[in-house]
Amino acid sequence: MSNDRATSTPFTKGLGFFVVLGIALLIILGIFVSPADVNQGESVRIMYAHVPGAWLAYLAFVMTAVSSAAYLWKRTRSLTWDRIAGASAEVGVLFMGISLVTGSLWGRLTWGTYWTWDARLTTTAFLFVTYIGYLAVRGLGGTHQQRARRSAVLALLAVLEIPLVHFSVELWNTLHQEASVAGRGTDVEMNGLMLFTLFLGVVVFTLMYVWLVLHRQRSLMLEDMLDDSGLDNALSERRAEATQAGH
Amino acid sequence: MDDLGFIVASYVVTFASVALYARGVLYRSRKAARDVPRDKRPWL
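Residues numbered from 1 in each chain as written. Chains lettered and ligands numbered in written order. Predicted model: local features only at pLDDT ≥ 70, side-chain atom pairs only at ≥ 80, totals over all residues. Heavy atoms only, no water.

*Asks:* Lay out the overall build of chain A in plain terms, naming residues and giving numbers.
*Replies:* On a plain count of helices and strands, chain A comes out with seven helices and zero strands. Mapped in sequence order, the helices and strands of chain A form the string α-α-α-α-α-α-α. When the backbone C-alpha atoms are referred to their principal axes, chain A occupies close to 85 × 40 × 35 Å. Across the 247 residues of chain A, 46% fall into the buried class. (Helix = DSSP H or I, 4+ residues; strand = E, 2+ residues; numbered from the N terminus. Buried < 20%, exposed > 50% of the residue type's maximum accessible area, 1.4 Å probe, protein only.)

Take a look at the structure:
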């Protein structure tokens, strides 16, 4: 019984090193080195945390849906998929929360308000609340298989909100700008260093995502094992009590 | 630099919340790992 290197491996330690290095570089480039924007001025520096946060939250929720589908498909059914789905949803909620808060700070500088019931903001907040609900459903009672089945169905429904959030800026008139980098028909010319810093932000957030999901799904596995052993012990005690009562 | 407070706040919120979450995950892992033998952990 030991807790040495509980969920760590040489790979996660190496990955963690690159994450810390990447964060330091992103802060230096994002705050001090990259230029101010012609229209938005210095406030554009918030973009290097806000946009990668939103993109990785989307990716995390899509990964939750893919893992959930893998669990529901009989040929690939394994609780590992369920744990990856749960871990990915948790990290997605974290990144979406970051994106909402940083977006709110950015909005205060560019729009003059922290929050407005704009289509993009409202659909994003709805997506955020949906996945908090998903995590709450995962925490309901039942066996691991019951948890996996009900949360997998919910994940496959919740992921349908992502296109609505993404295209909300095209479907409705919103304060939020349209996609600057990979939008349809966008003609935004971004400075090379700004584009590089944004790309670095996406890489750093992706590495953070992988590190967090690896550790979290392993910790969920440990917690499931403890649940199982706790149940086994309780059953053994009941059997022993029943045997004693029979004598 | 104008708006420095908002910019710094956005970076602090971002990386402090990730660090807090990561700390929580590692804490829960270590707590759970106390009662799980090493040979039951497939990643080791």
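*Asks:* Lay out the overall build of chain B in plain terms, naming residues and giving numbers.
*Replies:* Counting its regular elements, chain B contains one helix and zero strands. For chain B, the spread of C-alpha atoms along the three principal axes comes to 55 × 15 × 5 Å. For chain B, the residues scored as buried account for 36% of the 44 residues in total. For chain B, the accessible surface area stands at approximately 2600 Å², while carbon and sulfur atoms represent 58% of it. Positive and negative charge centroids in chain B, built from 8 and 4 side chains respectively, lie 18 Å apart. (Areas by Shrake-Rupley, 256 points an atom, 1.4 Å probe, with all protein chains shown as cover. Lys, Arg positive; Asp, Glu negative; His and termini not counted. Charge placed at Lys NZ, Arg CZ, Asp CG, Glu CD.)

*Asks:* I'd love a proper account of the packing of helix 3 (residues 79–110) of chain A against helix 5 (residues 144–158) of chain A, names of residues and values included.
*Replies:* All names here are of chain A. It is the contact of helix 3 with helix 5, at a shortest axis distance of 10 Å, that shows an interaxial angle of 55°. Comparing the axis directions of helix 3 and helix 5 gives the class oblique. Once helix 3 is placed against helix 5, the crossing between them reads as left-handed. In contact with Leu79, Asp82 and Arg83 of helix 3, helix 5 contributes His144, Gln145, Arg147, Ala148 and Ser151. Here the contact of helix 3 with helix 5 is composed, by residue class, of two nonpolar, three polar and three charged. (Axes fitted to C-alpha atoms, helices over the stretch in contact; angles between N-to-C directions. Parallel < 35°, antiparallel > 145°, perpendicular 65-115°, else oblique. Left-handed = near helix turned anticlockwise from the far one by under 90°. Contact = heavy atoms within 4.5 Å. Nonpolar A, V, L, I, M, F, W, Y, C, P; charged D, E, K, R; others polar.)

*Asks:* Before we move on, could you go through the side chain of A:Ser168 and cite the residues and values that matter?
*Replies:* All names here are of chain A. Note on placement: serine 168 falls in helix 6 (residues 161–171). Of the polar contacts made by the side chain of serine 168, one reaches the side chain of arginine 120; its length is 3.3 Å. A polar contact of 2.7 Å, which involves the side chain of serine 168, links it to the backbone oxygen of valine 165. (Polar contact = N/O pair within 3.5 Å; in protein donor to acceptor, adjacent residues only side chain to side chain.)

*Asks:* Tell me what's going on with the packing of aromatic side chains, and back it up with residues and numbers.
*Replies:* Remark: the centre distance and the inter-plane angle together describe each pair of aromatic rings, the angle taken between the planes. In the structure shown here, the tally under the stated rule is eight aromatic pairs over all chains. Centre to centre, the rings of A:Phe61 and A:Tyr131 are 3.6 Å apart; their planes meet at 5°, and the pair counts as stacked. Of this pair, A:Phe61 sits in helix 2 (residues 47–72) while A:Tyr131 sits in helix 4 (residues 119–138), and the two are 70 residues apart along the sequence. Both rings, one in A:Trp115 and one in A:Trp117, keep their centres 5.4 Å apart while their planes meet at 80°; by these two values the pair is edge-to-face. You can call A:Trp117 exposed: its relative accessible area is 66%. What links up through ring pairs into an aromatic cluster is the set A:Phe95, A:Phe205, B:Tyr11 and B:Phe15. (Phe/Tyr/Trp six-rings, centres within 6.5 Å; stacked < 30°, edge-to-face > 60°.)

*Asks:* If you had to explain the environment of A:Val19 to someone new, which residues and values would you point to?
*Replies:* Residues and elements named next belong to chain A. Looking at the element boundaries, valine 19 is found in helix 1 (residues 10–33). What makes valine 19 buried here is its relative accessible area of 9%. Spatially, the C-alpha atoms of valine 19 and tryptophan 172 are 37 Å apart, while their sequence positions differ by 153 residues. Setting aside its immediate chain neighbours within four residues, valine 19 contacts Val204, Leu207 and Met208.

*Asks:* Hey, could you go over the layout of surface pockets for me, with residue numbers and the actual values?
*Replies:* Approximately 210 Å³ is the volume found for the second largest pocket. The wall of the second largest pocket is formed by A:Gly16, A:Val19, A:Val20, A:Ile23, A:Met208, A:Trp211, A:Leu212, B:Phe15, B:Val18, B:Ala19 and B:Ala22. Among the secondary structure elements, those contributing two or more residues to the lining of the second largest pocket are helix 1 and helix 7 (192–246) of chain A together with helix 1 (4–33) of chain B. Counted by class, the lining of the second largest pocket contains 10 nonpolar, one polar and no charged residues. (1 Å grid on protein atoms, 1.4 Å probe; cavity = no way out; pocket = protein on both sides within 12 Å on 5 of 7 lines; lining within 4 Å. Points joined across faces, edges and corners; volume = space filled by probe spheres on them.)

*Asks:* Go over a nonpolar patch on the surface, please, and point to the residues and values.
*Replies:* Residue and element names in this part refer to chain A. Together, Ile28, Phe32, Val33, Leu193, Phe196, Phe199 and Val203 make up a nonpolar patch on the protein surface, roughly 660 Å² of accessible area in all. Those elements that place two or more of their residues in the nonpolar patch are helix 1 and helix 7. When you line up the elements, phenylalanine 196 lands in helix 7. (Patch = residues over 30% accessible without salt bridge, like charges linked within 9 Å, V, L, I, M, F, W, Y side chains within 5 Å. Salt bridge = Lys/Arg side-chain N within 4 Å of Asp/Glu carboxyl O.)

*Asks:* Pulling in residues and values, what's your account of the nonpolar core?
*Replies:* Judged by nonpolar contacts, the single largest core of 56 residues is most densely connected at A:Phe61, A:Phe95, A:Leu127, A:Tyr131, A:Met208 and A:Leu212. Looking at this core, the elements with two or more residues in it are helix 1, helix 2, helix 3, helix 4, helix 5, helix 6 and helix 7 of chain A together with helix 1 of chain B. Among the elements that make up this core, the one with the highest residue count is helix 7 of chain A (12 residues). Sequence-distant contacts of A:Leu212, defined by excluding residues within four places in its chain, comprise A:Val91, A:Leu94, A:Phe95, B:Val18, B:Tyr21 and B:Ala22. Membership of the second largest hydrophobic core comes to seven residues, among which are A:Ala6, A:Leu222, B:Ala33 and B:Trp43. (Core = buried A, V, L, I, M, F, W, Y, C linked by side-chain atoms within 4.5 Å.)

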